[in-house]
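# Results of the structural survey
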Amino acid sequence: MSIHPTAVVDPGAKIADGVELGPYVVIGEGVELAPGVEIGSHAHLEGRTLVGPGTRIFPFAVIGAEPQVKGFSGPTSALIIGRNNVIREYSAIHVGTAEGGGSTRIGDDNLIMNNVHIAHDCQIGSHCIIATFTALAGHVTVEDHVVFGAMTGVHQFTRIGESAFTGANSMIAKDAPPFSRVVGDRARFMGLNTIGLRRRDFPPDVIDTLRHAFHLLFHSKLRLQPALARVEEECSGSPEVARLLDFLRKSERGFIR
């Protein structure tokens, strides 16, 4: 354990072996840091915040503050951050609310770039990249392997599907389908995220099946229910297509088309 003499650590915090705290770090009561966590100078952690092994938090990040909700008077729930995440300078991630259905959660191996805002009750998967100045409003759900372009804004209660990609400066007001590229204000569907799928080593036949499913859903001019039925019939046996269809059928806000 390496704690700089200027760091301020509440006696109620739980600090594991191998944690490094830089100059002027503030660690509040209720914070728990797992082995190998590194906190850069002037970072501030408070609330019931649990940080998983190997996660690195860079200078001036604010982690675990109460929600930015007008008139909020508590109580809060928790912020649970997984292992091997990188959270860069000036990012802000807030704890959840009791009314929000549970904690704010961040999965594993995510890159959260500088000045990112993740609001209360967000649920972030693993292996995501959230680029500079992106802001996620409350109750947003992000599945695994999502990439956000810089300065993306995401509306409350919106869902971002597995391996989706958002272009820079996009405004996401409806659900972004898994494996899709969406761009613009308000975001429009731009096609299959083939680059992201190749980076995940998806076989060519899987990519071709998803491309055919996307053609039926977004380019065939079929109405939604007939298009879903055609995809289910013609792409049966594909677990990726099954996840896509399940996501679309569960959409409450509607999805980007």
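Whatever comes next refers back to the structure up there.
This is a predicted model, so every value here is computed, not measured. (Residues numbered from 1 in each chain as written. Predicted model: local features only at pLDDT ≥ 70, side-chain atom pairs only at ≥ 80, totals over all residues. Heavy atoms only, no water.)

### Details of the environment of L45
- Inspection of the secondary structure assignment puts L45 in strand 8 (residues 44-45).
- You can call L45 buried: its relative accessible area is 0%.
- Each C-alpha atom, one on L45 and one on H139, is 21 Å from the other, the two residues being 94 residues apart in sequence.
- Among all residues touching L45, those that are not within four sequence positions of it are V26, I27, G28, V31, L33, I39, V51, I57 and I63. (Helix = DSSP H or I, 4+ residues; strand = E, 2+ residues; numbered from the N terminus. Buried < 20%, exposed > 50% of the residue type's maximum accessible area, 1.4 Å probe, protein only. Contact = heavy atoms within 4.5 Å.)

### What about the nonpolar core?
- Of all hydrophobic cores here, the largest spans 67 residues; its most connected members are L33, L45, I118 and L136.
- Counting only elements with at least two residues in this core, the list comes to strand 12 (79-81), strand 28 (188-192), helix 2 (204-218), helix 3 (224-234) and helix 4 (239-249).
- For this core, the element with the highest residue contribution is helix 2, accounting for 8 residues. (Core = buried A, V, L, I, M, F, W, Y, C linked by side-chain atoms within 4.5 Å.)

### Considerations on the pattern of salt bridges
- Here the structure, examined in full by the defined rule, presents 11 salt bridges.
- R88 serves as the salt-bridge partner of E89, at 2.9 Å between the closest nitrogen and oxygen.
- Note on E89: relative accessible area 22%, which makes it partly exposed.
- A salt bridge links R159 to D175, with the shortest nitrogen-to-oxygen separation between them at 2.9 Å. (Salt bridge = Lys/Arg side-chain N within 4 Å of Asp/Glu carboxyl O.)

### Details of the environment of V51
- Here V51 shows up in strand 9 (residues 49-51).
- Among the residues examined, V51 registers a relative accessible area of 3% and is labelled buried.
- Taking the C-alpha atoms as reference points, V51 and L33, separated by 18 residues in sequence, lie 5.1 Å from one another.
- Discounting residues that sit within four places of it in the chain, V51 has contacts with E32, L33, A34, V37, L45, I57 and I81.

### Some words on the packing of aromatic side chains
- The final tally for this structure, using the stated rule, is 6 aromatic pairs.
- Centre to centre, the rings of F60 and Y90 are 5.1 Å apart; their planes meet at 5 degrees, and the pair counts as stacked. Taken as a pair, F60 in the loop between strand 10 (56-57) and strand 11 (62-65) and Y90 in the loop between strand 13 (86-87) and strand 14 (92-94) lie far apart in primary sequence, 30 residues in all.
- Owing to a relative accessible area of 35%, F60 belongs among the partly exposed residues under this scheme.
- For Y90, a relative accessible area of 49% puts it in the partly exposed group.
- Their ring planes at 90 degrees and their centres at 6.3 Å tell us that F218 and F255 sit as a pair that is edge-to-face. With a gap of 37 residues between them, F218 in helix 2 and F255 in the segment after helix 4 connect regions that are remote in the sequence.
- Among the aromatic residues, ring-to-ring pairing joins F189, F214, F218 and F255 into one connected group.
- The ring of F247 has R159 lying over it, and the distance from NZ or CZ to the ring centre is 3.9 Å. (Phe/Tyr/Trp six-rings, centres within 6.5 Å; stacked < 30°, edge-to-face > 60°. Lys NZ or Arg CZ within 6 Å of the ring centre and 35° of its normal.)

Note that every value here comes from positions in space, so none of it alone points to a role or purpose.
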